[in-house]
Amino acid sequence: MTGLEVPESHPRHESLLTRHRIEDGVDLGITSKQGLIAQGRGEAFDYLLGEETIPSADAAERAAVAHLLRADRPVISVNGNVAALAPGETVQLAQAIGADIEINLFNRTNERIERIADHLREHGAENIKGLTADGRIPGLEHERAKVDADGIGAADVVLVPLEDGDRAAALAEMGKTELVVDLNPLSRSARTASVPIVDNLLRAVPNMTAYARELAAADAETLDSIVESFDAEAALSAAEERIRDP
Ligand code: PTJ
């Protein structure tokens, strides 16, 4: 048994644990109520994908890491769901890549930003961005557009797990290389991404950290060839195929 009273033998152990994390996130004022709905949506797709990292998602995770490692200014965007689900895992990925973490919220309030920042600090984060909010993403209404000018504003590569479609499109419009983690292969975020990672954030982030460690000493040529051989369209089709024909 875990502290959450979910027997590890339960066939849906992972899924139930995830729900508890999101519920706790709401109780702590980290996750929005809409985050619960987003989680439910993600869970449905995860169930259809077999709750495993399919080979095309694994390849996408490797390609995303290659993008992040060759970036000049890589940033990992964190929202209320990411902070509740994988705070320590996200900090580890940022450290393995040498990326900044920026809190960037759909339903932005100063109180939530502060709570998420504290939560991330408790999990080892330093120099969290997103609190200054002195930059703007063009084409979005006020609150959702707020970014740090020297964070996402200046980033060349941004990892945006669980992003809403509008902002994902607006970031891509700014010319940034966008890496999206989203269990829905049909979502606009996944479809606008340079690298769509159709996998559960909980599996994707640790797998990316493992790739970051493996590729840490790789030369530019190796990273370029990983990036160039990745086919976003094929990855989306493979995920759809898995859902239709498990
Ligand atoms: O904390 P905030 O204010 O920034 O709000 C965050 C949410 C997630 C509520 C906001 O961005 C939102 O409403 O997002 P959407 O439009 O519901 O999109 C969330 C997407 O993430 C959906 O396509 C889900 O399928 C997907 N998703 C949900 N949980 C996971 C996931 N993808 C990967 N891993 C998950 N655990």
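Structure's up top.
Rules and cut-offs
- Residues numbered from 1 in each chain as written.
- Predicted model: local features only at pLDDT ≥ 70, side-chain atom pairs only at ≥ 80, totals over all residues.
- Heavy atoms only, no water.
- Helix = DSSP H or I, 4+ residues; strand = E, 2+ residues; numbered from the N terminus.
- Expected span 1.5 Å × (residues − 1).
- Buried < 20%, exposed > 50% of the residue type's maximum accessible area, 1.4 Å probe, protein only.
- Contact = heavy atoms within 4.5 Å.
- Salt bridge = Lys/Arg side-chain N within 4 Å of Asp/Glu carboxyl O.

**Overview of helix 1 (residues 13–27)**
Compared with the 21 Å implied by 1.5 Å per residue over 15 residues, the 21 Å span of helix 1 between its first and last C-alpha is a close match. Of all the residues in helix 1, the buried ones are H13, S15, L17, T18, I22 and G25. On its buried side, helix 1 packs onto helix 2 (33–48), helix 4 (80–85) and helix 10 (201–215). Two residues or fewer past helix 1, G29 is found with a positive phi of approximately 80°.

**With respect to the pattern of salt bridges**
Within the structure shown, the criterion is met by 17 salt bridges. Note that E43 is salt-bridged to R19, the shortest N-O span being 2.6 Å. In this pair, E43 is assigned in helix 2 and R19 in helix 1, connecting sequence segments 24 residues apart. Its relative accessible area of 14% is what places E43 among the buried residues. The exposure class of R19 is partly exposed, given its relative accessible area of 41%. With a closest N to O distance of 3.4 Å, D166 and R144 form a salt bridge. Within this pair, whereas D166 is found in helix 8 (residues 165–173), its partner R144 is found in helix 7 (residues 142–145), the two being separated by 22 residues in sequence. D166 sits in the partly exposed class, given a relative accessible area of 36%. With relative accessibility at 7%, the residue R144 sits in the buried group.

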